[in-house]
Amino acid sequence: MKRLSLWAALAAAVLATSCAMWTRIDSPTIAGPSEAYFVDAPVGWVQLTMYTDGIRMTRDGFSVQLMDVTLTPHGKELARTKKATSANMPAQELAEALLADLRGQPGLGNLTVKETVPARIGPYNGFRVQAQFRNERGVAFSMVIYGAALPQGRLVLLYQAIDRHFFARDLPAFEGLVKSWRTKRAA
Amino acid sequence: MGLRTGAAGMALALCAGAAVAQGTVPPFADAAATKQRGSDEERAWFEAADFDRALRRSGALRGDRELDAYLQQLLDGLFPEFQGAVRVQAVRDPVMNAFALPNGSLYVNLGLIARMENEAQLASVLGHEAAHFVHRHSFQQRTTAKDSAGFALVIGVVTGGVGALVANVVALNAIYGYSRDFEREADRIGFERVARLGYDAAAGARTFELLAEEAKILKVERPVFFASHPQLEERIASFKELAAARKLQGGELGAEAFLARTAKARAEWPPLELSRGKAESLAHVLSDPQRRARYPAGDYWLGEAYRLRAQPDDDDRAAGAYARMIEREPDFAPAYRGLGVVRMKQDRAEEAAQLFKRYLALAPQAPDAGFIRQYLADIEPEDTSTGESK
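Residues numbered from 1 in each chain as written. Chains lettered and ligands numbered in written order. Predicted model: local features only at pLDDT ≥ 70, side-chain atom pairs only at ≥ 80, totals over all residues.

**Side note on the overall build of chain B**
Per the secondary structure count, chain B includes 20 helices and three strands. Expressed as a percentage of the 390 residues in chain B, the buried residues total 51%. Considering only contacts within chain B whose residues lie at least 6 apart along the sequence, 65% involve residues at least 24 apart. (Helix = DSSP H or I, 4+ residues; strand = E, 2+ residues; numbered from the N terminus. Buried ≥ 20, exposed ≤ 12 C-beta atoms within 10 Å, placed from the backbone. Contact = placed C-beta atoms within 7 Å.)

What follows is the structure in structure tokens.
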């Protein structure tokens, strides 16, 4: 009996976890981890709630499009190049470091940068990169990355989508999300 | 790491099998003979052709006809009886690597071409790779291990860039290359072909020395080119023994022709290397003044490598390299930008501002001019009308 209840508890835990993986975005304001920042996300999209490094969302599935917001402490090295960032890193240098790290990811070796320009994210000077890549099946994707070196870490806001139809359709929603980035709940 | 350990175990098993099978399949005699293939080998060729297409689709091929023609000319010189059956192309990948497919497609990475010093070294690489094809090593190894899931078609070791593509198609050989015996056989065949054309007999050993040196400095556990069988030191020794056994000394280097025909590859490699975050390897290659002299704007790229490597004292090293570049070519705008960024990070704002202004004067339309203006606004806030600061 005791064994059965243990199994039941385990099953309930698994169910609870799986139920909590996704949530539909019904009201726009979403908080980052520890409420370190807030963004206005597109209503109707789906947020991956088990993603604890930041905010990740999609509308039609991650293989189609995704938006991702992270604020990572400078001390935590970039995943592939193992490079650290710093608060006084010039924006262009931060962009180069992040792109080099992205190119180390499987399937992103052919990432081609179309444009890198200065940009503002909230009160911070940063960059905006537009890039393209093809996945292993030859499907073209476009990507926009905003980034800035903040005192508390590197802020990255990323949007990628299948080039055809999806990228242009959802780009305004992403640009709106970037504009809404803030450290206090109220816009 | 788990994958690597597993793959290593699998590779060991494959090597044992491959040694047994070695010599059971005769090498191709010439281009015509490559057309006679059994169904198993036909399948390997089909899969290789599939990989060829994937590589083309990925945009990884460099598409430089002049360079490809030069590589092909060298290869045809080494294996004249295989003209038309072995094809070689340059790949836009900064990793020092080359690999061959069972259908006679050879690929040489830009990172390898750019690091070579002369034609004799490049010929050694091509000779080795073509020998794998002519002696049907891939097919033999595949036959031995055809029951192993995910057995690879591609030889050599590919990581990052093309590697990601390869990993999806062919798992093991893409990481660990051929069996030790096959590698040795390819060394011997390649060496004989290179020596027959009168190239420097020491070129093969020097090629591996370059790799071993870089692997040691960068603490690479498993260097990527002609990977683990035999280990690099052993293979350097093997090439030296081959030269000693044939009592060969010296020979043609073909340095001039090589430098002229691969100039574009050397110009393209430093930014490609940095775009993959490989500042350390670029700094290693360019810190040698003799090697640096072969690269256009070598001092500038060394400065960039130090700046982006960002180890202790690298800012000073970078500043020295940029200053040398400016002394050599006072109108070379990017060196002012690089030095300006270093000075800005060192809180030498006034100097940085002068350098940024010089950069903008020389290259007002530069794609990154917006960033430089932003930096200027940061370090000279009184000059800005917005009053915004970071």
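From this point on, the discussion continues.
**Notes on the overall build of chain A**
Broken down by element type, chain A carries three helices and 10 strands. Taken from N to C terminus, the helices and strands of chain A fall in the order α-β-β-β-β-β-β-α-β-β-β-β-α. Each of the 187 residues in chain A was classed as buried or not, and the buried ones make up 36%. Sequence-distant contacts, at least 24 apart, represent 43% of the contacts inside chain A between residues at least 6 apart.

**Thoughts on the sheet that holds strand β1 (residues 22-24) of chain A**
Sheets are built from strands paired through backbone hydrogen bonds, the pairs being either parallel or antiparallel. All names here are of chain A. With antiparallel pairing, the eight strands of this open sheet are ordered in space as β1-β4-β5-β6-β10-β9-β8-β7. Whereas interior strands pair on both sides, the edge strands pair on one side only; in this sheet they are β1 and β7 (112-121). Direction aside, the axes of adjacent strands within the sheet are offset by 20° on average. Relative to strand β4 (residues 46-48), β1 runs antiparallel, the two sharing three bridges. Looking at β4, one finds that arginine 24 is bridged to valine 46. Across the sheet, helix α3 (residues 163-180) touches β6 (65-72), β7, β8 (124-134), β9 (140-150) and β10 (153-162), and the angle it forms with β10 is around 150°. (Pairing = 2+ DSSP bridges. Axes fitted to C-alpha atoms, helices over the stretch in contact; angles between N-to-C directions.)

**A look at the confidence of the model for chain A**
Here chain A shows a mean pLDDT of 89. Residues at 70 or above account for 88%. Here helix α1 (residues 2-19) of chain A stands out as the element of chain A with the lowest mean pLDDT, 56, in contrast to β10 of chain A, whose mean of 98 is the highest. (pLDDT = per-residue confidence, 0-100.)

**Observations concerning the pairing of β6 of chain A**
Residues in a regular strand point their side chains to alternate faces of the sheet. Residues and elements named next belong to chain A. The sheet contact formed by strand β5 (residues 54-58) and β6 spans four bridges and is antiparallel. Of the residues in β6, the one forming a bridge with glycine 54 is threonine 70. The turn linking β5 back onto β6 is made up of six residues, and glycine 61 within it adopts a positive phi angle of 120°. Bridge count for β6 against β10 is eight bridges, and the pairing is antiparallel. Of the residues in β10, the one forming a bridge with aspartate 68 is leucine 158.

**Points about the packing of helix α18 (residues 333-345) of chain B against helix α19 (residues 349-362) of chain B**
Packed helix pairs are specified by the crossing angle of their axes together with the interaxial distance, meaning the distance between the axes. Residue and element names in this part refer to chain B. In contact at an axis separation of 8 Å, α18 and α19 are set at 160° when each is read in the N-to-C sense. In terms of orientation, α18 and α19 fall into the roughly antiparallel class. In terms of crossing hand, the pair formed by α18 and α19 is left-handed. Between α18, through Ala333, Tyr336, Arg337, Leu339, Gly340, Arg343 and Met344, and α19, the contact on the second element is made entirely by Ala349, Glu351, Ala352, Leu355, Phe356, Arg358, Tyr359 and Leu362. A breakdown of the residues in the contact of α18 with α19 according to their chemical character gives 10 nonpolar, one polar and four charged. (Parallel < 35°, antiparallel > 145°, perpendicular 65-115°, else oblique. Left-handed = near helix turned anticlockwise from the far one by under 90°. Nonpolar A, V, L, I, M, F, W, Y, C, P; charged D, E, K, R; others polar.)

**Remarks on the sheet that holds strand β2 (residues 98-100) of chain B**
All names here are of chain B. Ordered in space as β1-β3-β2, the three strands form an open sheet in which the pairing is mixed. Looking at the sheet topology across the chains shown, the edges are occupied by β1 (87-91) and β2. The sheet shows a mean angle of 20° between the axes of neighbouring strands, taken without regard to direction. Contacts between helix α3 (residues 65-78) and the sheet are confined to β1 and β3 (105-109), with β1 contributing the most and set at about 140° to the helix.

**Points about the interface of chain B and chain A**
Taken together, the contacts link 25 residues of chain B with 25 residues of chain A. Every element with two or more residues in the side of chain B that touches chain A is listed here: α2 (39-58), α7 (162-169), α18 and α20 (369-379) of chain B. Grouping the amino acids of the side of chain B that touches chain A by side-chain chemistry returns 10 nonpolar, nine polar and six charged.

**With respect to the domain arrangement of chain B**
Residues and elements named next belong to chain B. Partitioning chain B into structural domains gives domain 1 (2-245) and domain 2 (263-383). Contacts between domain 1 and domain 2 engage 14 residues on the former and 13 residues on the latter. Of all the secondary structure elements, the ones that give two or more residues to the side of domain 1 that touches domain 2 are α4 (110-115) and α10 (203-217). Here the side of domain 1 that touches domain 2 gets five residues from one element, more than from any other, and that element is α4. Grouping the amino acids of the side of domain 1 that touches domain 2 by side-chain chemistry returns eight nonpolar, two polar and four charged. (Domains from an automatic or database assignment.)

**Things to note about unusual backbone geometry**
All names here are of chain B. Even without glycine at this site, arginine 136 takes up a positive phi of about 55°. Phi at alanine 310 is positive, roughly 55°, even though this residue is not glycine. Along the polypeptide, alanine 310 turns up in the loop between α16 (298-309) and α17 (314-328). Using a count of 18 C-beta atoms within 10 Å as the deciding quantity, one classes alanine 310 as partly exposed.

**A few points about the environment of proline 33 of chain A**
All names here are of chain A. Secondary-structure assignment places proline 33 in the loop between β2 (29-31) and β3 (38-40). On a C-alpha basis, the gap between proline 33 and arginine 182 in space is 13 Å, while along the polypeptide they are 149 residues apart. Ignoring sequence-local partners within four residues, the contact set of proline 33 consists of Thr52 and Gly54.

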